[in-house]
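# Structural overview
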Amino acid sequence: MGQGAYWQDIAVGQQWRTFRRTITETDLVNFINVTGMLEAIFIDAEFDGGAIKGRPVPGALTYTLIEGFILQSMIQGTGLAMLELHQKILGPVMVGDTIQALVEVTDIRPTSKHNRAVVTSRITVYNQRQEVVMEYTAVRLLAGR
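Okay, so let's go over this structure. Values in this document were obtained by computation on a predicted structure and should not be read as measured data. (Residues numbered from 1 in each chain as written. Predicted model: local features only at pLDDT ≥ 70, side-chain atom pairs only at ≥ 80, totals over all residues. Heavy atoms only, no water.)

### Side note on the environment of Val 93
Using the following cut-off: Strands are runs of DSSP state E lasting at least two residues, helices are runs of H or I lasting at least four, and both sets are numbered from the N terminus onward. The buried label goes to any residue with under 20% of its type's maximum accessible area, the exposed label to any with over 50%, and the partly exposed label to all in between, with areas taken from a 1.4 Å probe on protein chains only.
For Val 93, the location among the structural elements is in the loop between β3 (79-89) and β4 (98-110). The exposure class of Val 93 is buried, given its relative accessible area of 5%. Note: C-alpha distance between Val 93 and His 114 (21 residues apart in sequence) is 40 Å.

Here it is, written out as structure tokens:
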């Protein structure tokens, strides 16, 4: 129970959706305090010098929440390392938005040790309006049986 997938249990082309989560003001405050991202657009609710009105959240917060979902659903106990990451932020995520991702396995390459593989997946993050707000490709080292 709660164990992630071994690389032998997934296939190229396999897809699944993560959990959904609404981002709160508390999430934003906790994240900027932990990371030190003390930019005016994140800490000043009245800031009007930015390109985005309202309460935008850092792209890094969106990414880490989605990675938490992937950890819980795919790689708990089987994820060995994040090897590479390519990310595009395509739209703003605001306090009050609900995010979810579609994960698609795009490549699996067993290593020479045969008890692990390099697994590549494309992650597409959506808001509650089904607008794509982020896309990234993650290359991970996964354990085998």
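### With respect to the side chain of Thr 98
Applicable threshold: Here a polar contact means two N or O atoms within 3.5 Å. Within protein one must be a hydrogen donor candidate and the other an acceptor candidate, and residues neighboring in sequence count only if both atoms are side-chain atoms. Any two residues whose heavy atoms approach within 4.5 Å are treated as being in contact.
Relative to the helices and strands, Thr 98 resides in strand β4. One polar contact links Thr 98 to Thr 22, side chain to side chain, over a distance of 2.6 Å. Apart from the residues within four sequence positions on either side, Thr 98 is in contact with Arg 20, Arg 21, Thr 22, Tyr 126, Asn 127 and Gln 128.

### Examining the pairing of strand β6 (residues 132-143)
Rules: In this scheme, strands are said to pair when DSSP sees at least two bridges between them.
For β6, a buried count of 9 out of 12 residues is recorded, marking the element as mostly surrounded by other parts of the structure. Pairing analysis gives 9 bridges linking β3 to β6, with the strands arranged antiparallel. Within β6, the residue paired with Met 82 across the bridge is Arg 140. As paired elements, strand β5 (residues 116-126) and β6 share 11 bridges and run antiparallel to each other. Each bridged residue has a counterpart across the sheet, and for Arg 116 the counterpart in β6 is Ala 143. The antiparallel pairing of β5 with β6 creates a hairpin that spans 5 residues between the two strands, and Gln 130 there sits at a positive phi of about 65°.

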